[in-house]
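# Coordinate analysis (summary)
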Amino acid sequence: MAFSSGCRIGAPVAAILLLGLAAAASAQLSATFYDTSCPSALATIKSAVTAAVNSEPRMGASLLRLHFHDCFVQGCDASVLLNDTATFTGEQTAFPNRDSIRGFGVIDTAKAQVEAVCPQTVSCADILTVAARDSVVALGGPSYTVPLGRRDSTTASLSEANSDLPPPTSDLADLVGNFSRKGLSVTDMVALSGAHTIGQAECKNFRSRIYGESNIDAAFAASRQANCPQSSDGDKNLAPLDESTPDAFDNAYYVNMLSQQGLLHSDQQLFNGGSTDDLVSTYASDAAQFSADFAAAMVNMGNIGVLTGAQGEIRLICSKVN
Ligand code: HEM
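Let me begin by describing the structure that accompanies this report.

## A word on the coordination of the iron atom of the ligand
A lone protein donor contacts the iron atom of the ligand, and this donor is His196 (NE2), found at 2.1 Å. Residue position: His196 is located in the loop between helix 8 (186–193) and strand 1 (200–202).

Written as structure tokens, this is what we have:
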């Protein structure tokens, strides 16, 4: 049916058009986005990330988490990279980020190297998205093609960082709801949680689990307690999220769940008699299925709320707006 001239678009039609526009924003991302404008962009980012991860394997985990914390707050727009100034408060002091997110220096180095070959062409949001993929690969995980063409925000949101990043006290229903509000499925949520096969967590984030919960392997809890006292001493003491292979991107995170060795309360929620048990069992026994689902979920997460076209800007320095 063609609209006659003067036809007023009803609310449902307008809503559908808006949804279409939102989908079109991510549809504008393209794997070949920099092929002409900056053909060496991807190789430049990869070499900076690989060097950093080779010198400190945990950095791969930190870069992967930084991308997640970017995408869940205002979309994948590099808002997490903006420093506070006298007149601007960014996301870095939000409760889930403060003294915890890392990797800014690696992104700054990659950005400087990319700027040297292609000035003001490659966004910080794309660099962070590619750095997350290259980190996974550097630690032995799956590779996947990253759609590109994100632009950088000129704003950040401390309040959204506090409200939208899931806390480790989350129950399964909280996690499902949190990811669903970002357009991610339960499968995406369970697969993305496999990122906890690498990296470290602070004692204060798992203390209540190792001292207070019953769905935890007793020997595992005791070994974690040795470096995480019940008093508030040692709040910042670190433990690997996956004790068996902390620097390898594999499916051991799910194997741990089966024996109640999830470190965070939120981790063990994925295998605690609920609706995601079967998927955790599948990933524990089928590494290839996990790799495929993780890669697809990373692409889905990387599409959240992206700025494209004339929106936002290409920052010159990732920590501040132009
Ligand atoms: C499902 C909800 C999630 C919760 C509740 C959660 C929570 C946490 C917490 C509390 C830590 C430890 C932080 C610290 O003690 O400093 C952590 C670390 C980490 N998270 Fe998550 N996370 C979730 C999902 C994700 C996702 C989707 C990714 C990436 C795709 C991710 C990647 C990581 C990585 C790699 C680390 C280790 C970082 C490092 O060693 O620097 N997490 N997460």
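Let's pick the thread back up.
## A few points about helix 5 (residues 124–138)
If you check helix 5, its first and last C-alpha atoms are 20 Å apart, about what 15 residues at 1.5 Å a residue would give, namely 21 Å. In terms of residue burial, helix 5 counts as a mostly covered element, since 13 of its 15 residues are buried. Remark: Gly140 follows helix 5 within two positions and exhibits a positive phi of approximately 95 degrees.

## A few points about the pattern of salt bridges
Applying the stated criterion to the full structure yields 12 salt bridges. A salt bridge links Arg209 to Glu213; its shortest N-O distance comes to 2.8 Å. Among the residues examined, Glu213 registers a relative accessible area of 22% and is labelled partly exposed.

## Brief notes about the site of the ligand
Taken together, the neighbourhood of the ligand is formed by 25 residues, with Arg58, Ser62, Ser100, His196 and Glu202 sitting nearest. One of the side-chain N or O atoms of Ser100 is found 2.6 Å from an oxygen atom in the ligand. Residue Asn205 places a side-chain N or O atom 2.8 Å away from an oxygen atom belonging to the ligand. Of all elements in the fold, only helix 3 (58–71), helix 7 (172–180), helix 8 and strand 1 reach the threshold of two or more residues within the shell around the ligand. Among the residues making up the shell around the ligand, the classes are represented as 14 nonpolar, eight polar and three charged. When we break the shell around the ligand down by domain, the ones giving at least three residues each are domain 1 (41–165) and domain 2 (172–300).

## Some points on the side chain of Asp152
Along the chain, the position of Asp152 falls in the loop between helix 5 and helix 6 (158–164). Buried and without a salt bridge, Asp152 has Arg315 as its closest oppositely charged side chain, separated by 4.6 Å. From its side chain, Asp152 meets the backbone nitrogen of Cys124 in a polar contact 3.0 Å long. Within the structure, Asp152 has its side chain in polar contact with the backbone nitrogen of Ala125 (distance 2.8 Å). Other than its neighbours up to four places away in sequence, Asp152 contacts Asp77, Ala78, Ser123, Cys124, Ala125, Leu307, Gly312, Glu313, Ile314 and Arg315.

## Focus: the packing of helix 2 (residues 41–55) against helix 4 (residues 104–117)
Where helix 2 contacts helix 4, the axes come no closer than 9 Å and their chain directions differ by 150 degrees. With respect to each other, helix 2 and helix 4 are oriented roughly antiparallel. In the crossing of helix 2 with helix 4, the sense of the turn from one axis to the other is right-handed. In contact with Ala41, Thr44, Ile45, Ala48, Val49 and Ala52 of helix 2, helix 4 contributes Val106, Ala110, Gln113, Val114 and Val117.

## Structural notes on the packing of helix 2 against helix 5
Between helix 2 and helix 5, whose axes approach to 9 Å, the crossing angle comes to 50 degrees. When the axes of helix 2 and helix 5 are compared, the pair comes out oblique. The hand of the helix 2/helix 5 crossing is right-handed. The segment helix 2 lies against helix 5, with Leu42, Ile45, Lys46, Val49 and Val53 engaging Ile127, Val130, Ala131, Asp134, Ser135, Val137 and Ala138. For the contact of helix 2 with helix 5, a count of residues per class yields nine nonpolar, one polar and two charged.

## So, the nonpolar core
A general trend in soluble globular proteins is that nonpolar side chains are found buried together. Core analysis: the largest hydrophobic core is formed by 71 residues, its most contacted members being Leu64, Leu81, Ile107, Phe294 and Met301. When residues in this core are grouped by element, the largest group, eight residues, is from helix 5. Residue contributions to this core reach at least three from each of two domains, namely domain 1 (41–165) and domain 2 (172–300). Each residue touching Ile107, except ones within four places of it in the same chain, is listed here: Leu63, Leu66, Leu81, Ile127, Leu128, Ala131 and Cys318.

Rules behind the numbers
- Residues numbered from 1 in each chain as written.
- Predicted model: local features only at pLDDT ≥ 70, side-chain atom pairs only at ≥ 80, totals over all residues.
- Heavy atoms only, no water.
- Donors = N, O, S within 2.8 Å, 3.2 Å for Na, K, Ca; no water.
- Helix = DSSP H or I, 4+ residues; strand = E, 2+ residues; numbered from the N terminus.
- Expected span 1.5 Å × (residues − 1).
- Buried < 20%, exposed > 50% of the residue type's maximum accessible area, 1.4 Å probe, protein only.
- Salt bridge = Lys/Arg side-chain N within 4 Å of Asp/Glu carboxyl O.
- Near = heavy atom within 4 Å.
- Polar contact = N/O pair within 3.5 Å; in protein donor to acceptor, adjacent residues only side chain to side chain.
- Nonpolar A, V, L, I, M, F, W, Y, C, P; charged D, E, K, R; others polar.
- Domains from an automatic or database assignment.
- Lys, Arg positive; Asp, Glu negative; His and termini not counted.
- Contact = heavy atoms within 4.5 Å.
- Axes fitted to C-alpha atoms, helices over the stretch in contact; angles between N-to-C directions.
- Parallel < 35°, antiparallel > 145°, perpendicular 65-115°, else oblique.
- Left-handed = near helix turned anticlockwise from the far one by under 90°.
- Core = buried A, V, L, I, M, F, W, Y, C linked by side-chain atoms within 4.5 Å.

This is a description of form; function is not addressed.
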